[in-house]
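Chain by chain, the residues run as shown.
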Amino acid sequence: MINGTVDNLGQARVPLEIRYGDGEFHSLRVVVDTGFNGHLTLYPELILQLGLRPMRSLDVSLAGNLQRTVNTFRGQVLWHGQLKTIRILEASGAPLLGMRLLSGSQLTIQAKQDGQVLIEEL
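Residues numbered from 1 in each chain as written. Predicted model: local features only at pLDDT ≥ 70, side-chain atom pairs only at ≥ 80, totals over all residues. Heavy atoms only, no water.

### Examining the overall build of the protein
- Scanning the protein from N- to C-terminus turns up two helices and ten strands.
- For the protein, the succession of helices and strands along the chain, N to C, is β-β-β-β-α-β-β-β-β-α-β-β.
- Taken against the 2.2 N^0.38 rule, which gives 14 Å for 122 residues, the C-alpha radius of gyration of the protein at 14 Å falls within 12% of a compact globule.
- Taken along its principal axes, the extent of the C-alpha atoms in the protein is 35 × 35 × 25 Å.
- By the burial criterion, 37% of the 122 residues in the protein qualify as buried.
- Per element, the accessible surface of the protein, about 7,100 Å² overall, is 47% carbon and sulfur. (Helix = DSSP H or I, 4+ residues; strand = E, 2+ residues; numbered from the N terminus. Rg over C-alpha atoms; globule rule 2.2 N^0.38 Å. Buried < 20%, exposed > 50% of the residue type's maximum accessible area, 1.4 Å probe, protein only. Areas by Shrake-Rupley, 256 points an atom, 1.4 Å probe, with all protein chains shown as cover.)

In structure tokens form, the structure reads like this:
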């Protein structure tokens, strides 16, 4: 089970352990975004710091039907106690956790400031 909270902006945030290229883990808080159908987004500086392996560019549709080409990277996260290899999209702003990573999980959010956010494996 993954436990997080709703912040003062109304964003559901949870901790996530992501693996550096050298095998060490980095802990960060990510925003749960059910409107994002990928695994995870990270900002360019963190991708560089983590030493993630580049994959390929990908054409994506953003909110407002905007089309963009983004760089993608292969990374590993601890997810429900297991090491999972995922595709990470490069994007500015807060790291986003999307529906592809949530697949096979139950998400519960108490939609109020400091409300509990739970992600449980199904």
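### Brief notes about the pairing of strand S5 (residues 53–62)
- When S5 meets strand S6 (residues 66–79), the two strands line up antiparallel, connected through eight bridges. Following the sheet pairing, Ser-61 is matched in S6 by Gln-67.
- Taking the residues between adjacent antiparallel strands as the criterion, S5 and S6 are bridged by three residues, where Gly-64 takes a positive phi near 80 degrees. (Pairing = 2+ DSSP bridges.)

### Overview of the side chain of His-39
- Note that His-39 resides in the loop between strand S3 (25–32) and strand S4 (40–42).
- His-39 gets classed as buried once you look at its relative accessible area, which sits at 14%.
- Only 3.4 Å separates the side chain of His-39 from the backbone nitrogen of Arg-87, close enough to count as a polar contact. (Polar contact = N/O pair within 3.5 Å; in protein donor to acceptor, adjacent residues only side chain to side chain.)

### Some remarks on the side chain of Asp-7
- Following the sequence through the fold, Asp-7 ends up in the loop between strand S1 (2–6) and strand S2 (12–19).
- From its side chain, Asp-7 meets the backbone nitrogen of Leu-9 in a polar contact 2.9 Å long.
- A distance of 2.8 Å separates the side chain of Asp-7 from the backbone nitrogen of Gln-11, its partner in a polar contact.
- Other than its neighbours up to four places away in sequence, Asp-7 contacts Arg-13 and Gln-113. (Contact = heavy atoms within 4.5 Å.)

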